[in-house]
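# Commentary on secondary and tertiary structure
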Amino acid sequence: MAHALRTQDTPNADPSRTPNNSASVGSVDEALAKFNERLATQAKLRSNAVLAVEYLVTGSPEDLNGKTRQQQDAYFADALKWLEAKHGKENVVAWGVHRDETTPHLYAVVVPIDDKGKLNCRHFRGGAKALNEMQTDFAQKVGQQHGLERGIEGSKAKHTSIQTYYARVNSAI
């Protein structure tokens with residue numbers, strides 16, 4: 001949340017554009033309180049339980065930067081509604097939009113409590129097939145109505161983690 005709320009140094013963000021960001025929470029403490037409140041509904045937590053999932057919703061830089069602010073806002077609002085429908089609004093404990101990086105994007109922190117009231121990440125994201133189906137569902141229900149196409153299925157592209165990215169930035173400096 002420190003990264004999301006820009007309370008820590010974020011080398012890949014343009015500080016002059018940070019005021020254009022938005023967030024559902026005003027502080028890391030507020031986000032943690034909402035997170036802890038949701039976890040408090042659980043009688044017992046397994047030592048290996050997935051306590052939260054962070055979603056990143058974006059598109060190609062060309063597509064998103066080619067949209068007006070209002071079009072971007074509409075896309076991110078529909079994406080948030082999709083996440084809330086999938087997980088339950090009460091389980092989406094924090095979200096925001098970053099506009100100070102190369103490509104605007106929505107992030108959301110979700111506590112994966114299933115429809116039986118149990119902490120159960122596998123229910124939502126169980127395996128590669130489920131993740132593929134989730135991406136396809138999102139593309140059909142949200143992306144298409146905003147003129148976006150689903151990413152290439154089975155792509156071998158690899159995401160660079162933020163930790164790896166910062167390590168490369170710092171070593172270059």
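The structure under discussion appears in the preceding block.
Procedures and definitions
Residues numbered from 1 in each chain as written. Predicted model: local features only at pLDDT ≥ 70, side-chain atom pairs only at ≥ 80, totals over all residues. Heavy atoms only, no water. Pairing = 2+ DSSP bridges. Helix = DSSP H or I, 4+ residues; strand = E, 2+ residues; numbered from the N terminus. Contact = heavy atoms within 4.5 Å. Axes fitted to C-alpha atoms, helices over the stretch in contact; angles between N-to-C directions. Buried < 20%, exposed > 50% of the residue type's maximum accessible area, 1.4 Å probe, protein only. Core = buried A, V, L, I, M, F, W, Y, C linked by side-chain atoms within 4.5 Å. Expected span 1.5 Å × (residues − 1). Arc of directions from axis to C-beta.

## Focus: the sheet that holds strand E1 (residues 22-23)
Taking strand neighbours across the sheet as the criterion, the 4 strands line up as E1-E3-E4-E2 in an open arrangement whose pairing is antiparallel. A strand with exactly one partner marks an edge of an open sheet, and here the two such strands are E1 and strand E2 (53-57). Two strands pair when backbone bridges link them, and strand E3 (residues 92-98) and strand E4 (residues 105-110) are joined in this way by 6 bridges, in the antiparallel orientation. Of the residues in E4, the one forming a bridge with Ala94 is Val109. Of the strands in this sheet, E2, E3 and E4 touch helix H3 (residues 69-87), which is tilted by about 20° from E4.

## What about the side chain of Gln72?
One can find Gln72 in helix H3. The exposure class assigned to Gln72 is buried, which follows from its relative accessible area of 8%. Gln72 has contacts with Leu64, Asn65, Lys67, Arg99 and Pro104, leaving out every residue within four places of it along the chain.

## Let's talk about the nonpolar core
One finds Tyr55, Tyr75, Leu106 and Phe138 to be the most contacted residues of the largest nonpolar core, which totals 20 residues. Mapped by element, the contributors of at least two residues to this core are E2, H3, E3, E4 and helix H5 (127-143). Here this core gets 6 residues from one element, more than from any other, and that element is H3. When sequence neighbours within four positions are dropped, the list of residues in contact with Leu106 reads Tyr55, Leu56, Val57, Phe76, Ala79, Leu80, Leu83, Trp95, Gly96 and Val97. Leu5, Phe35, Val93 and Ile113 belong to the second-largest nonpolar core, a separate cluster that totals 14 residues.

## Quick word on helix H1 (residues 28-39)
An ideal rise of 1.5 Å per residue puts 16 Å on 12 residues; H1 measures up with 16 Å between its terminal C-alpha atoms. Among the residues of H1, Ala31, Phe35, Arg38 and Leu39 are the ones counted as buried. Axial view of H1: buried residues confined to an arc of 100°, hence all on one face. For H1, exposure combined with an orientation more than 90 degrees from the buried face picks out Asp29 and Glu37. Here the buried face of H1 lies against E3.

## Quick notes on unusual backbone geometry
In this structure, Arg6 takes a positive phi of about 60° despite not being glycine. Structurally, Arg6 is set in the segment before E1.

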